[in-house]
Amino acid sequence: MIKKTILALACATAAFTAHAAETDKYVLKVAHFWPSSALSQQKVLEPWCAKLAQQSNDRLTCQIYPAMQLGGSPQQLMQQAADGVADIVWTLPGYTAGRFPIIEAFELPFMTRQAEGASRALWEYYERYAQDEFSSVKPLAFNVHDAGIIHNNKREIKKIADMRGLKMRAPTRQTNLMLAKLGATPVSIPLPQMADALSKGVVDGYVLPWEVVPTMRLHELTKYHTEMSPEAPAFYTTLFTIAMNKDRYNSLPADLQKVIDDNSGADFSAFIGKQWDESVGPARKQAEDRQNTFYAIPADQMAEWIAVGDKVAEDWVKDMNKKGHNGQEMLDTAKSLIAKHTTN
C-alpha cells in the first residue's frame with residue numbers, strides 16, 4: 001500500500017512538473033540599435049516574434065528594445081548577447097572591427113547583386129567556415145542589405161577622382177578600406193550620430209543602402225547620390241547577424257528550442273534579405289521627391305571601380321592566409337554560393 005502511494009505521488013509530481021513546463025512562459029529581451037520605425041523592427045523582428053508566439057502558444061514572447069534602450073553602444077551589442085545583457089540582438093559583426101574577419105568575405109566590394117540570395121549564401125558560408133568565429137553566441141540568422149550607395153553633399157560623384165578628399169562615413173572595415181583606396185578619408189561615426197555629423201560638416205558624405213537613408217532622415221541633408229550601373233554588382237554591402245545568448249537558449253524547454261530552431265537559419269536569413277530588396281523603391285523615392293541629384297556610373301566605366309575592389313579583396317585573401325586559412329578558397333566559395341542563390 002505504501003509503495004503504491006509513493007508511486008502515485010511520484011506520477012502526480014511528474015505530471016505536475018510536465019504540465020508546468022508546458023505552461024511556463026518565457027520573455028526574450030531583443031535589442032538592436034535602429035529606431036523602432038526601421039525595417040529591422042517593423043518588417044523582421046516583430047513578424048518573427050509573432051511567429052514564435054503563435055507556434056509556442058504564447059509561451060515564447062519578445063520584449064523589443066530599439067535604439068539601444070538596454071544601454072551601451074551599438075559596438076557592444078554582440079558582447080551583450082554573449083554576456084546575457086540581452087537574450088537576442090541584431091547587430092553588425094563589423095562594428096567590432098577585426099573580431100570576425102572570416103565572415104567579412106561578404107563585405108568585400110562588388111560581391112552581391114541581390115540581398116535575398118546573398119543572405120542565404122551567407123548562412124551556408126557561415127556553416128562552412130565561420131562557426132568557431134561565432135562560438136560565443138548562437139547565431140539565428142545572417143543577412144546582407146541591398147546595394148550600398150555613395151551619398152554626399154560636396155559634389156556629384158561621376159568618376160573615381162571625384163572621391164578624392166571627401167570625408168566619408170562607412171559602417172565596416174572593408175568598406176573603409178575601399179573608400180581609402182578610392183581617395184576618400186574614412187571617418188568612423190555611429191549611425192545614430194550621422195545626421196548631426198552631416199549637418200555640421202564633420203563628414204561630407206556616407207555610404208548606406210537606400211532604406212537607411214530616410215529612416216535616419218539623411219535624405220533631407222544630402223544633395224548627391226551615386227549608384228553603380230544596374231548591370232554591375234553592388235558597390236558594397238554590410239552583413240548583419242541576429243544572435244542569441246547560448247545560456248538563455250539552453251535554459252528553454254526542448255519544444256521551445258525547436259520553435260526557435262524552426263525559425264532560424266538559411267530561410268530566415270533569406271527572408272531578411274528579401275525585406276531589404278523590397279525596401280529600395282519606396283526609400284529611394286523619398287530622396288527623389290526632394291529633387292536630390294542622382295547619377296549612375298555607366299556600365300562601360302565600371303571596370304575601373306571593380307579593379308579597386310579587387311585590390312581590397314586581394315588584401316583580405318592575404319590576411320586570411322596569414323591567419324592560417326585558405327583565403328582564396330574562402331573568397332571563391334563565397335562568390336560561388338552567391339551566384340548559386342542569386343535569381344536575378
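Just above, that's the structure.
Bear in mind the structure is a predicted one, so any value in this text is a computation, not a measurement.

What follows is about the sheet that holds strand 2 (residues 60-65). In space, the five strands of this open sheet follow the order 2-1-3-10-4, with mixed pairing throughout. Here the strands that pair on one side only, and so sit at the sheet edges, are strand 2 and strand 4 (138-144). Pairs of neighbouring strands in the sheet enclose a mean axial angle of 20 degrees, with direction left out of account. Examined bridge by bridge, strand 1 (residues 26-32) and strand 3 (residues 88-91) share three bridges and lie parallel to one another. Opposite Val30, over in strand 3, you have Ile88 as the bridge partner. Contacting strand 3, strand 4 and strand 10 (239-244), helix 10 (residues 266-289) runs over the sheet at an angle of about 35 degrees to strand 4.

Attention now goes to the sheet that holds strand 8 (residues 205-208). Strand order across the open sheet formed by six strands is 7-6-8-5-9-11, with mixed pairing between neighbours. The sheet is open, and its two edges are formed by strand 7 (185-187) and strand 11 (293-296), each paired on a single side. Sheet twist, expressed as the average angle between the axes of neighbouring strands with direction ignored, equals 25 degrees. One ladder, built from three bridges, connects strand 6 (residues 167-169) with strand 7; its direction is parallel. When the sheet's bridge partners are listed, Lys167 is paired in strand 7 with Thr185.

Take Thr226: it is sitting in strand 9 (residues 224-227). Given the relative accessible area of 1%, Thr226 is considered buried. Thr226 sits 19 residues away from Val207 along the chain, and the two C-alpha atoms are 9.6 Å apart. When sequence neighbours within four positions are dropped, the list of residues in contact with Thr226 reads Ile149, Ile150, Ile157, Tyr295 and Ile297. Only 3.0 Å separates the side chain of Thr226 from the backbone oxygen of Ile157, close enough to count as a polar contact.

Here the focus is the packing of helix 4 (residues 115-130) against helix 12 (residues 327-341). At a minimum axis distance of 8 Å, the contact between helix 4 and helix 12 shows a crossing angle of 145 degrees. Note on packing geometry: the crossing formed by helix 4 with helix 12 is right-handed. The segment helix 4 lies against helix 12, with Gly117, Ala118, Arg120, Ala121, Glu124, Tyr125, Arg128 and Tyr129 engaging Glu329, Met330, Thr333, Ala334, Leu337, Ile338, Lys340 and His341. The residue makeup of the contact of helix 4 with helix 12, split by class, is eight nonpolar, three polar and five charged.

Applying the stated criterion to the full structure yields 16 salt bridges. When the shortest N-O distance is used, the salt bridge between Asp315 and Lys181 registers 3.3 Å. Within this pair, whereas Asp315 is found in helix 11 (residues 302-322), its partner Lys181 is found in helix 5 (residues 173-181), the two being separated by 134 residues in sequence. Across the salt bridge formed by Asp289 and Lys285, the nearest N and O atoms sit 3.1 Å from each other. Taken together, the residues Asp289 and Lys285, both in helix 10 and four residues apart, mark about one turn of the helix. Residue class for Lys285 comes out partly exposed when judged on its relative accessible area of 44%. By sharing partners, the salt bridges in this structure join Glu227, Arg284 and Glu288 into a single network.

Looking now at the nonpolar core. In this structure, Ile103, Phe106, Tyr125, Phe235, Ile242 and Trp305 are the most contacted members of the largest nonpolar core, which totals 109 residues. A total of nine residues in this core trace back to one element, the largest contributor, which is helix 4. Beyond its immediate sequence surroundings of up to four residues, Ile242 is in contact with Val44, Leu45, Ile88, Val89, Trp90, Lys138, Pro139, Leu140, Ala141, Phe268 and Ile272.

The phi dihedral of Met68 falls on the positive side, at around 60 degrees, and the residue is not glycine. Structurally, Met68 can be placed in the loop between strand 2 and helix 3 (77-83). For Met68, a relative accessible area of 12% corresponds to the buried category. A positive phi is found at Arg217, a non-glycine position, where the angle reads about 60 degrees. Counting through the fold element by element, Arg217 comes out in the loop between helix 7 (212-215) and strand 9.

Scoring rules and cut-offs
- Residues numbered from 1 in each chain as written.
- Predicted model: local features only at pLDDT ≥ 70, side-chain atom pairs only at ≥ 80, totals over all residues.
- Heavy atoms only, no water.
- Pairing = 2+ DSSP bridges.
- Helix = DSSP H or I, 4+ residues; strand = E, 2+ residues; numbered from the N terminus.
- Axes fitted to C-alpha atoms, helices over the stretch in contact; angles between N-to-C directions.
- Contact = heavy atoms within 4.5 Å.
- Buried < 20%, exposed > 50% of the residue type's maximum accessible area, 1.4 Å probe, protein only.
- Polar contact = N/O pair within 3.5 Å; in protein donor to acceptor, adjacent residues only side chain to side chain.
- Left-handed = near helix turned anticlockwise from the far one by under 90°.
- Nonpolar A, V, L, I, M, F, W, Y, C, P; charged D, E, K, R; others polar.
- Salt bridge = Lys/Arg side-chain N within 4 Å of Asp/Glu carboxyl O.
- Core = buried A, V, L, I, M, F, W, Y, C linked by side-chain atoms within 4.5 Å.

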